[in-house]
Amino acid sequence: MKITAMKLPESRRLNFLPYMFGSSMMRGEALLYSYATKLAPDEYRGGLWDFYKLSNNGGYAAPTTPERYNLAVQGNGFEGEMSNDAAGIVITMFVLNQLAHELAARGNNELAERLSDRYHELRDYAGQHAERASIFRAID
């Protein structure tokens, strides 16, 4: 089944972070910016992010500018260029993974499991994305 992404309108943006990260929404937001800076230090300079809700209940955030990102992931040796949309998927997946592990380590298994579900929902969508090969190499 094809998974679709819908860019959230301005009126629904405030609901995105609590939906994606629950009570860890402030930490999740900070991690988005941190991972963007870490993975794309030459391109990411802050700015507006678009939020997407997926038809399988997942979601992701993507920086609006620049249009292309050169990502470098030290942990797996990935270096490559991708769209801001694909970079947002990668960044969001890193955030979901880190938050789930942090919460599980603190014993908040319910939220950790929910974040793990969000990760897998986004991974399913990434598998249908035009830039799936680069996305999966970056998160490997």
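As a reminder, the structure under discussion sits directly above these lines.
These numbers come from a predicted model, not from an experiment.

Q: Which residues make up the overall build of the protein, and what values do they have?
A: If you tally the helices and strands in the protein, you get five helices and five strands. Dimensions of the protein along its principal axes, counting C-alpha atoms only, are 35 × 30 × 30 Å. Out of the 140 residues in the protein, the part that is buried amounts to 50%. Excluding contacts between residues fewer than 6 apart, the proportion of contacts in the protein whose partners are at least 24 apart in sequence is 64%. For the protein, the exposed surface amounts to about 7,400 Å²; the carbon and sulfur share of it is 49%. If you average the places of the 15 positive and of the 17 negative side-chain charges in the protein, the two averages end up 3 Å apart.

Q: Could you give an account of the pattern of salt bridges, naming the residues involved and the relevant values?
A: Tallying each qualifying case throughout the model produces five salt bridges. Across the pair Lys7 and Asp50 runs a salt bridge, and its minimum N-O distance is 3.7 Å. Residue Lys7 is found in strand S1 (residues 5-7), and its partner Asp50 is found in strand S2 (residues 49-54); the two are separated by 43 residues along the sequence. Judged by its relative accessible area of 47%, Lys7 is partly exposed. One salt bridge in this structure joins Glu121 and Arg118, with 3.1 Å as the shortest N-O distance. One end of the pair, Glu121, and the other, Arg118, are both in helix H4 (residues 109-126), three residues apart, so they sit about a helical turn from each other. You'll find Glu121 and Arg118 in the same group, each marked buried.

Q: Explain the pairing of strand S3 (residues 59-63) to me, using residue names and the numbers behind them.
A: Within S3, five of the five residues are buried, leaving the element largely enclosed by the surrounding structure. Pairing between S2 and S3: five bridges, direction antiparallel. Bridging from a neighbouring strand, Asp50 pairs with Ala62 of S3. The turn linking S2 back onto S3 is made up of four residues, and Asn57 within it adopts a positive phi angle of 85 degrees.

Basis of the calculations
- Residues numbered from 1 in each chain as written.
- Predicted model: local features only at pLDDT ≥ 70, side-chain atom pairs only at ≥ 80, totals over all residues.
- Heavy atoms only, no water.
- Helix = DSSP H or I, 4+ residues; strand = E, 2+ residues; numbered from the N terminus.
- Buried < 20%, exposed > 50% of the residue type's maximum accessible area, 1.4 Å probe, protein only.
- Contact = heavy atoms within 4.5 Å.
- Areas by Shrake-Rupley, 256 points an atom, 1.4 Å probe, with all protein chains shown as cover.
- Lys, Arg positive; Asp, Glu negative; His and termini not counted.
- Charge placed at Lys NZ, Arg CZ, Asp CG, Glu CD.
- Salt bridge = Lys/Arg side-chain N within 4 Å of Asp/Glu carboxyl O.
- Pairing = 2+ DSSP bridges.

From the geometry alone we can't say anything about function, so treat these as descriptive.
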